[in-house]
Amino acid sequence: MNNIMETASPETFSPQIHVQGFVDEAIKTLDVSDLYSKRETLRSVAYAEAMNVPIETIDELKSVCSVQTLKCPSEDTHKDAAEVPTGTELVTLGLRKRYLDSKPNINKNCKFTVLSWNQEHVYQDVKPPPEREVKPQCAVLQVAVFHPSKRNRRKSKGKRMRLAQEYRVLGYQKLTDLRDAITCIADHTIAGEFSERPCNVPDIRAKDIYKSAYFFIENVFYNDFRYEDNRDLSRNVREWEQNKHEGKGSYTTQHMEDVKFNDLHIRLGYPYLYCHQGDCEHLIIFKDLRMFHADDCRDEGLYPLMVNRYRFRRQMCRVCATFTAKWVTYDDQLAEESPCFFCDLCFKALHYSKDQTKLAEFEAYPYVDMGIFNLAIV
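All of these numbers come straight from a predicted model, not from anything done at the bench.

**A look at the packing of aromatic side chains**
Applying the stated criterion across every chain, the model contains 15 aromatic pairs. Measuring from ring centre to ring centre gives 5.6 Å for phenylalanine 347 and tyrosine 352, while their planes differ by 70°; the resulting arrangement is edge-to-face. The residue whose ring lies beneath lysine 135 is tyrosine 172, and the NZ or CZ to ring-centre distance is 4.4 Å. Its guanidinium or amino end placed over the ring of tyrosine 270, arginine 267 lies 3.9 Å from that ring's centre, counting from NZ or CZ.

**Considerations on the environment of proline 198**
Inspection of the secondary structure puts proline 198 in the loop between α8 (175-181) and α9 (206-209). In the structure, proline 198 is positioned 168 residues away from proline 366 in sequence and 8.7 Å away in space, judged by C-alpha atoms.

**Description of the sheet that holds strand β5 (residues 220-223)**
In space, the eight strands of this open sheet follow the order β6-β5-β4-β8-β9-β2-β3-β10, with mixed pairing throughout. The open sheet is flanked by β6 (252-255) and β10 (305-309), the only strands paired with a single partner. With direction set aside, neighbouring strand axes in the sheet form an average angle of 25°. In this structure, strand β3 (residues 163-170) lies alongside β10, joined through four bridges in antiparallel fashion. Counterpart to tyrosine 167 in the pairing with β10 is methionine 306. Contacting β2 (139-146) and β9 (280-291), helix α2 (residues 19-29) crosses the sheet at an angle of about 10° to β9.

**Some details on the sheet that holds strand β11 (residues 327-330)**
The three strands lie next to each other as β12-β11-β13, forming an open sheet whose pairing is antiparallel. Each edge of the open sheet carries a strand with a single partner, namely β12 (340-342) and β13 (363-366). Across this sheet, the average inter-strand angle for adjacent strands is 30°, counted without regard to direction. Two elements, β11 and β13, share four bridges in a ladder whose sense is antiparallel.

**Some thoughts on the pairing of strand β8 (residues 271-276)**
Across the six residues that make up β8, a large majority, six, are buried. Judged by which residues are buried, β8 turns out to be covered on both faces: Pro271, Leu273 and Cys275 on one side and Tyr272, Tyr274 and His276 on the other are all buried. In the sheet, strand β4 (residues 213-217) pairs with β8 via four bridges, with the strands oriented antiparallel. Considered in β8, the bridge of phenylalanine 215 is made with tyrosine 274. Sheet analysis places β8 next to β9, joined by six bridges and oriented antiparallel. Following the sheet pairing, leucine 273 is matched in β9 by leucine 283. Hairpin remark: β8 followed by β9, antiparallel, with three residues in the connecting loop; positive phi at glutamine 277, about 50°.

**As for the pairing of β5**
Along a regular strand, successive side chains alternate from one face of the sheet to the other. Neither face of β5 is left uncovered, since the one carrying Val220 and Tyr222 and the one carrying Phe221 and Asn223 both have all their residues buried. Where β4 hands over to β5, the hairpin turn is made up of two residues, of which glutamate 218 adopts a positive phi near 50°. Here β5 pairs with β6 via four bridges, running parallel. From the neighbouring strand, phenylalanine 221 faces β6, where its bridge partner is threonine 253.

**As for the side chain of aspartate 187**
Mapped onto the elements, aspartate 187 comes out in the loop between α8 and α9. Buried and unpaired, aspartate 187 has arginine 179 as its nearest opposite-charge partner, separated by 4.8 Å. Of the polar contacts made by the side chain of aspartate 187, one reaches the side chain of glutamine 277; its length is 2.9 Å. The residues contacting aspartate 187, other than those within four sequence positions of it, are Arg205, Ala206, Lys207, His276 and Gln277.

Conventions used here
- Residues numbered from 1 in each chain as written.
- Predicted model: local features only at pLDDT ≥ 70, side-chain atom pairs only at ≥ 80, totals over all residues.
- Heavy atoms only, no water.
- Phe/Tyr/Trp six-rings, centres within 6.5 Å; stacked < 30°, edge-to-face > 60°.
- Lys NZ or Arg CZ within 6 Å of the ring centre and 35° of its normal.
- Helix = DSSP H or I, 4+ residues; strand = E, 2+ residues; numbered from the N terminus.
- Pairing = 2+ DSSP bridges.
- Axes fitted to C-alpha atoms, helices over the stretch in contact; angles between N-to-C directions.
- Contact = heavy atoms within 4.5 Å.
- Buried < 20%, exposed > 50% of the residue type's maximum accessible area, 1.4 Å probe, protein only.
- Lys, Arg positive; Asp, Glu negative; His and termini not counted.
- Salt bridge = Lys/Arg side-chain N within 4 Å of Asp/Glu carboxyl O.
- Polar contact = N/O pair within 3.5 Å; in protein donor to acceptor, adjacent residues only side chain to side chain.

Right, here's the structure in full:
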């Protein structure tokens with residue numbers, strides 16, 4: 001984090017903002033009533049004024065020119081949406097077709113890359129049951145979560161931080177809601193070397209064993225203590241700071257599960273920290289703070305709402321180059337490189353006899369491909 005702070009100027013960050021104070025001030029200053037319930041009426045009134053016609057005419061135009069009336073009776077409504085039509089004059093579709101034709105082996109159901117705009121608006125018109133309606137007059141924060149930085153500073157110096165995911169959270173949600181939504185490959189790894197027993201790999205992930213985590217925001221460590229065996233991962237940092245300042249440490253701690261986003265003091269654009277799995281550190285940045293408005297997703301159960309994420313390339317098997325890697329080997333006498341990646345079928349066919357005896361010396365570890373996160377959004 002220090003190298004990021006050195007390259008960023010103070011003008012990059014906003015002054016410190018108390019989220020609940022921002023909401024209170026917005027309610028006093030602006031008309032932030034429950035706008036989404038009045039959205040259609042407000043739009044109709046605006047259209048009527050702009051066109052200088054009665055509002056009844058606007059309602060009639062809505063029914064006559066609706067999407068359902070734009071199709072001819074003989075039009076085929078059962079076309080495959082994954083197939084790009086031939087002979088189209090749209091440049092974007094032409095480029096998409098050329099891209100798909102260059103990759104004949106691509107999965108038909110994964111042909112279309114989900115754009116961030118679609119991710120933001122896919123749930124815009126969802127009408128949830130009354131008990132799941134977003135509470136009116138609440139804050140919406142947009143949080144960017146970045147990939148963990150490289151351990152080798154010399155190699156990573158000058159490289160840009162890569163965005164992992166971006167979420168929208170509601171002000172009255174707790175920090176644990178965001179903590180549970182963040183996806184990281186470190187949570188899905190399986191610890192242990194299994195070259196002697198490749199068929200007995202346990203289905204226990206790191207997140208099932210090591211559940212401790214914390215956010216570090218404005219000199220406060222928000223630790224996750226929802227489970228009895230959780231540890232205070234921030235203790236070593238706080239002890240180091242106290243020793244450095246002769247017992248006068250300025251860092252404090254709170255329980256993550258007891259704190260809402262409304263309780264935070266934040267600076268927009270300022271780098272904060274999310275740490276889990278002991279030492280897996282993610283940079284997080286609050287990009288935006290505003291009031292909930294008419295075009296936001298109204299279903300409270302969908303928040304934290306992912307609106308953007310990085311798309312990974314799959315790590316393919318080095319033998320068949322068809323399936324995603326499920327194993328990684330080190331010091332493998334049967335491979336030309338170390339580490340080397342294999343799918344489950346090629347790994348067992350190359351390294352073991354019919355009675356599951358090892359045919360060479362190597363170390364084998366289950367490999368979890370980061371491409372699994374590409375399916376996180378519809």
